[in-house]
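Read off the chains here:
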Amino acid sequence: MPALSVAWFGAFLLVVPALIAPGTLHGRVARDDTGAPVPHARIVAAKVGGPLSDYRAVVADATGGFQFIDLAPGRYRIYAEREGYLRGEYGRRLSSSLGTPVSVAAGQTSAAIVVTMTPTAAIAGHVDEEGQSAAHVWVRALKSRFVDGRRTLSVAAYAATDDRGGYRLFDLPPGRYVVSAIPQTRPRIENSEIVTPTVPSRANGNRSKVRMPLTADNVSTMTGRPGVYPAIYYPSTTDVERAAVLDITAGDVRSGIDFTVARGTVFHIRGRVTTTVASASGIIVSAAPVVMSTNPAVLTRHLAAAGEFDLDGLLPGIYTVFAQTTTGPAQLFVSTPLQVDHDVDGVSLVLQPGTRIAGHVSVDGVPGVGGRSMHVGLTRHVPPIWGYGIVPVQPDGAFAFSNVSPGDYDVRVLLPRADRSLWVEAERFDGASVLDSPIHVEPGRAVHDFDLVLNSATAALDALVLDDRQQPAAGVLVIAVPESGRRGRSDRYRWAVTDTTGRAHVEGLEPGEYTVFASTRLNADDWQDPDVLARHASEGHDVRLSDGGAVRLTLRATP
Amino acid sequence: MTVWPVVLLLTFLRGPVSAGQITGVVVDADTRAPVAGARVVLTATDPAASTAMVTLTDAQGSFHFAPASPGTYRVRVGGDGYLPLADAVSIVVVTDAAMKPLRLALTRASAIAGRVLTEFGDAAPAVIVRALAGDRTVAEARTNDLGDYRLFGLAPGEYRVAAERYAGPRVEGERYVVPTPPCPDCPGEGQFMRSVSSVTAGGEFVDPYLLLGQTHPTVYYAGTLDASTAAPVIVMAGADVGGIDLRLIAVRAN
């Protein structure tokens, strides 16, 4: 029997190398700023084109070293993941770009690679109310971004204060942040119910509030005085426009970001919803702040039929009050802006059918889309509550939106992701140019002459990026920023990332004046922020790009 | 014509106030200092009655309710940093009798704090830590980037402290399933699914613990995976118990 085992083992040795001869790969993990080793990162070797059984993972040792010994031949993307760092990928410098796959050949050991990781940042502080530490306050880090020339805020991290009022936001990528604090709403009594706000989870059926009948047993000692807290933005303002924007760099720990919260005065909006269509039923009435905040922002009431409505507990500000039907043959709408700095009574909302908006696309003066796949999108200008959505453009260039609710909309021509062959030369709506402004849809006033004029004579930019030692720099963002006055549309910003020869080809540019930047740290999104542009103004190269032309530039990589 | 204290915890201050009104003061049981901003809840003792009144104490710890209709009422108190005083007192309100103010004493709540580390001894962020009384979760917290957590609002007693990593991604047949944790700004806790082939086609990232076949079961203080051998953490009234540190343990997934 032992002889037989040896024979089998021998056969195995003979056969296996011919079939799968594994490749090996080794390397180490280091911080991208200091080069210091990152211990205990989990390394994933992801075989491009799979299968999943060819993926491998190992844990790096205390000095950041790692080794894969059984990789099937192929191309691999190499990732590193660890607490306190952004996920890293070999060959990637910018968090928004892709890394470089590594080739692993049968039976061979690849050259050692270094995977770099960016440390994440933290923001910490204290919240109080009336001189006492405030527990159960939600503090949020809101990432500041510019889209179409306007600041948008999105939640990047959240934390609740403890009994000593302390909080700590973490896992933050470097970037620009606004920080807000708002006390968790306590259970409150609404008519004959107790309403308890909750974090939606499977355990509570993914509800953001739980309603219980108002009985002596259901009233808890958490039940607070009715009252609404406005969000406080650091440093101590309720006006998001006046919030400080914190510049957070990799590995920052920013402490002392403290808040004082207080109840706000609240008002109501009352009035009547009426309609010219007798069958209207199932009506939603809402008030949404024009400046979006981290408050439970949109207050909504459901009405069975047209009649009185009451929106209460509103903090001062400008609101869009809107109503729409949710049932019935055709949706009816109404919306109106309202300044709330006192109780507002007697508001009249008249529900009406939406409007038909139709138009044509032309490319280089010829009606039609020139065989391309194309869509047109409408999104609400303020506030971003209802995006209307997108419609396809027909081969002859015709497109139409039916039943658009009245209001202001931004218009975008949508091409497949990689298509950079067109720029928007003109947009005419109802006889006026709306290239850099929203369209205004009026109730009952259909528009049939919405013309979108596109041009295929795009310009291009070829850049070579060199580092301090005059060597080609790979993985560097090259971005063309349009001149001031043309920065209200994000689609005018174009960028590319340099390859291993330090070259980037930026295409699809509308002819005009641009400033070109080469950056190893900032992502494309960041360059739409006017503060970022101002700070780096001296590093840019001004270029003029003409129809169908291409410009060659040599740039120095700047951090 | 009389006021009957039904529960003996009730103490009276001197001096009558107007008939039918319920007034009082909330103090710290230990220091006797007034507690400002405490929430005082008044409900009728009839469980079916849907009347409830809520008020906050002022800077002197005082509160009062507008005249209530005759009947039996329950008074409960909650204050930040204090244990709630539930079923503290029951009182009968009689409309034309003068009623003495209530004096309600609150006991400071306790806390348990500590640090959670990975199996390698590094800080373990975003780990869910729970204080369990029996099998019931009485407080829950999430560790920060230093691995620190703080469970607060605890009554005196014995607790087990448990730390758990939120479930990582898994593969179910041809699907790569990523559980998404609860969050105040999400529509709800759920999961995100993709086909495995769409992930591997581009060599996209897959959770390394899934590839390693490892998982982190719930670990109980002082470092056991077996709930029955957990060391109890004994908490005295108003105490701040620190140093309840836990280390995650990676085991082979089944």
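Along each chain, residue indices are assigned from 1 in the same order as the chain's sequence is written. Chains and ligands are labelled sequentially in the order written, the chains with letters from A and the ligands with numbers from 1. Totals for whole chains, interfaces and linings use every residue, but because this is a predicted model, local features are given only for residues with pLDDT of at least 70 and side-chain atom pairs only at 80 or more, for both listing and counting. Calculation of side-chain values draws on the structure's entire complement of heavy atoms; hydrogens and water are dropped beforehand.

Enquirer: Explain the overall build of chain B to me, please; I cannot follow it from the model alone.
Expert: Here a strand is any run of E in DSSP of at least two residues, a helix any run of H or I of at least four, and the numbering for each starts at the N terminus. The helix and strand inventory of chain B stands at 2 helices and 22 strands. Here's how the labels work: a residue is buried when its accessible area is under 20% of the maximum for its type, exposed when over 50%, partly exposed in between, all with a 1.4 Å probe on protein chains only. Put simply, chain B has 254 residues, and 45% of those count as buried. For chain B, the proportion of contacts with a sequence separation of at least 24, taken over those separated by at least 6, is 62%. Areas reported as accessible are Shrake-Rupley estimates using a 1.4 Å probe. Residue values count occlusion only from the protein chains shown. Of the roughly 11800 Å² of accessible surface on chain B, 55% is carried by carbon and sulfur atoms. Any two residues having at least one pair of non-hydrogen atoms within 4.5 Å are treated as being in contact.

Enquirer: Whenever I open this one, the confidence of the model for chain A confuses me. Can you help?
Expert: Segments scoring low in pLDDT should not have their predicted coordinates read at a detailed level. pLDDT is a per-residue confidence score from the predictor, ranging from 0 to 100. Confidence in the prediction for chain A averages 86 pLDDT; 91% of positions are at 70 or higher. Note on residues 1-18 of chain A: pLDDT under 50 across the span, and 2 contacts to partners over four residues away in sequence or across chains.

Enquirer: Honestly, the sheet that holds strand β44 (residues 541-545) of chain A in this entry has me stumped. Any pointers?
Expert: Strand pairing in a sheet relies on backbone hydrogen bonds. The paired strands run either parallel or antiparallel. Residue and element names in this part refer to chain A. If you trace the 4 strands from one edge of the open sheet to the other, you get β41-β40-β43-β44, paired in antiparallel fashion. Taken across any chain shown, the strands that pair with only one partner, and hence form the sheet edges, are β41 (494-497) and β44. Along the sheet, successive strands turn relative to each other by an average axial angle of 25°, direction set aside. For two strands to pair, DSSP has to find at least two bridges joining them. In terms of strand pairing, strand β40 (residues 477-482) meets strand β43 (residues 512-519) through 6 bridges, oriented antiparallel. If you follow A480 over to β43, its bridge partner there is V516. Under this scheme, a helix contributes an axis fitted over its contacting stretch, all axes are lines through C-alpha atoms, and angles between N-to-C directions fall in the 0 to 180 degree range.

Enquirer: I tried to follow the layout of surface pockets on my own but got confused; where do I start?
Expert: Residue and element names in this part refer to chain A. Approximately 1500 Å³ is the volume found for the second largest pocket. Lining the second largest pocket we find 50 residues, and of these R93, L94, S95, T520 and R521 sit closest to its centre. At the level of elements, β6 (88-89), β8 (113-117), β11 (137-147), β12 (150-160), β14 (175-183), β19 (246-248) and α2 (530-535) are the ones that each hand at least two residues to the lining of the second largest pocket. Asp, Glu, Lys and Arg are counted as charged, while Ala, Val, Leu, Ile, Met, Phe, Trp, Tyr, Cys and Pro are counted as nonpolar; the rest, among them Gly, fall into the polar class. Taken together, the residues of the lining of the second largest pocket break down into 18 nonpolar, 17 polar and 15 charged. Method remark: on a 1 Å grid restricted to protein atoms, a set of points is classed as a cavity if a 1.4 Å probe fits but cannot get out and as a pocket if it is open with protein on both sides within 12 Å along at least five of seven lines; lining residues have an atom within 4 Å of a point. Grid points are joined across faces, edges and corners, and a volume is the space filled by probe spheres set on the points.

Enquirer: Whenever I open this one, the pattern of salt bridges confuses me. Can you help?
Expert: One side chain can pair with another of opposite charge once the charged atoms of both are near each other. A side-chain nitrogen of Lys or Arg and a carboxyl oxygen of Asp or Glu constitute a salt bridge if their distance falls within 4 Å. One pass over the full model with this rule turns up 46 salt bridges over all chains. A salt bridge links E89 of chain A to R77 of chain A; the shortest N-O distance between them is 2.8 Å. Within this pair, whereas E89 of chain A is found in strand β6, its partner R77 of chain A is found in strand β5 (residues 74-81), the two being separated by 12 residues in sequence. Because the salt bridges share partners, they merge into one network encompassing R42, E81, E83 and R87 of chain A together with R165 of chain B.

Enquirer: Help me out: how do you make sense of the environment of T55 of chain B in this one?
Expert: Residues and elements named next belong to chain B. Relative to the helices and strands, T55 is located in strand β4 (residues 52-56). Judged by its relative accessible area of 17%, T55 is buried. As for T55 and R39, which are separated by 16 residues in sequence, their C-alpha atoms are 5.8 Å apart. Sequence-distant contacts of T55, that is, excluding residues within four places in its chain, are made with A38, R39, V40, F63, H64 and F65.

Enquirer: Honestly, the environment of D462 of chain A in this entry has me stumped. Any pointers?
Expert: All names here are of chain A. By the secondary structure assignment, D462 is in strand β39 (residues 459-466). Sequence spacing of D462 and R552 is 90 residues, and the spatial spacing of their C-alpha atoms is 4.7 Å. Once residues within four sequence positions are removed from consideration, D462 is found in contact with A504, H505, A550, V551, R552 and L553. Counted as a polar contact is a pair of N or O atoms within 3.5 Å, where, for protein atoms, one must be capable of donating a hydrogen and the other of accepting one, and residues adjacent in sequence contribute only when both atoms are in side chains. Separated by 2.8 Å, the side chains of D462 and H505 make a polar contact.

Enquirer: Which parts of the structure should I look at to understand the sheet that holds strand β1 (residues 23-31) of chain A?
Expert: Residues and elements named next belong to chain A. Read from one edge of the open sheet, 3 strands run β4-β1-β8, paired in mixed fashion. For this open sheet the edge positions go to β4 (65-71) and β8, each flanked by a neighbour on one side alone. Averaged over neighbouring strand pairs, the angle between their axes works out to 30° when direction is ignored. Direction of pairing for β1 relative to β8: parallel, over a ladder of 5 bridges. What sits directly across from A30, in β8, is T116.

Enquirer: What exactly am I supposed to notice about the pairing of β5 of chain A here?
Expert: One face of the sheet, then the other: side chains in a regular strand alternate in exactly this way. Residue and element names in this part refer to chain A. Counting buried positions along β5 yields 6 of 8 residues, so the element is predominantly enclosed. Here strand β2 (residues 42-47) runs beside β5; their pairing, made up of 6 bridges, is antiparallel. Across the sheet, A45 pairs through a bridge with I78, a residue of β5. Sheet analysis places β5 next to strand β7 (residues 102-104), joined by 3 bridges and oriented antiparallel. Bridge assignment links Y76 to a residue of β7, and that residue is V102. Here 2 bridges tie β5 to β6, and the two strands are oriented antiparallel to one another. In the sheet register, A80 faces β6, and the bridge partner there is G88.

Enquirer: Hey, could you run me through empty space enclosed by the protein in this one?
Expert: It is a probe the size of a water molecule, rolled over the atoms, that shows where empty space is left. Residues and elements named next belong to chain A. This structure, assessed with the given rule, holds 2 cavities of 30 Å³ or more. Counting residues per element, the lining of the largest cavity draws most heavily on β11, which supplies 3 residues. Taken together, the residues of the lining of the largest cavity sort by class into 2 nonpolar, 1 polar and 5 charged.

Enquirer: Is there a simple way to explain the interface of chain B and chain A in this structure?
Expert: Frequently, the measure chosen for interface size is the accessible area removed from exposure when the parts meet. At the junction of the two partners, chain B supplies 60 residues and chain A supplies 56 residues. The term buried area means the drop in 1.4 Å probe accessible area that two parts suffer when joined, counted for both and summed. Both faces considered, chain B and chain A share a buried interface measuring about 4800 Å² in area, 60% of it formed by carbon and sulfur atoms. Note that E83 of chain A is salt-bridged to R165 of chain B, the shortest N-O span being 2.8 Å. Taken together, the links from chain B to chain A amount to 19 residue pairs in polar contact (both at pLDDT 80 or more). Elements that contribute at least two residues to the side of chain B that touches chain A include exactly β3 (39-44), β4, β6 (71-78), β12 (148-154), α1 (196-201) and α2 (208-212) of chain B. Residue classes in the side of chain B that touches chain A are distributed as 34 nonpolar, 11 polar and 15 charged.

Enquirer: Mind showing me how you'd approach the nonpolar core here?
Expert: A general trend in soluble globular proteins is that nonpolar side chains are found buried together. Residue and element names in this part refer to chain A. Here, nonpolar core means buried Ala, Val, Leu, Ile, Met, Phe, Trp, Tyr and Cys residues that are tied together by side-chain atoms lying within 4.5 Å of each other. Counting 26 residues, the largest nonpolar core has F399, I439 and F450 as its most contacted members. At the level of elements, β29 (355-363), β31 (375-380), β33 (398-404), β34 (407-414), β35 (423-429), β37 (439-441) and β38 (447-455) are the ones that each hand at least two residues to this core. Here the element with the most residues in this core is β38; it accounts for 4 residues. When neighbours within four sequence positions are excluded, F450 is seen to be in contact with I357, A358, G359, H360, F399, V411, R428, F429, V434 and I439. Counting residues in hydrophobic clusters, the runner-up holds 23 residues, among them A141, A159, L169 and L246.

Enquirer: Is there a simple way to explain unusual backbone geometry in this structure?
Expert: Residue and element names in this part refer to chain A. Cis geometry is found at the peptide bond from G50 to P51, where omega equals 0°. Along the chain, P51 falls in the loop between β2 and β3 (56-59). Note the cis peptide between Y234 and P235, where omega equals -5°. Residues other than glycine seldom take positive phi values, yet E130 does so here, at roughly 50°. One non-glycine residue, Q470, lies in positive phi territory at about 65°. Its location among the elements puts Q470 in the loop between β39 and β40.

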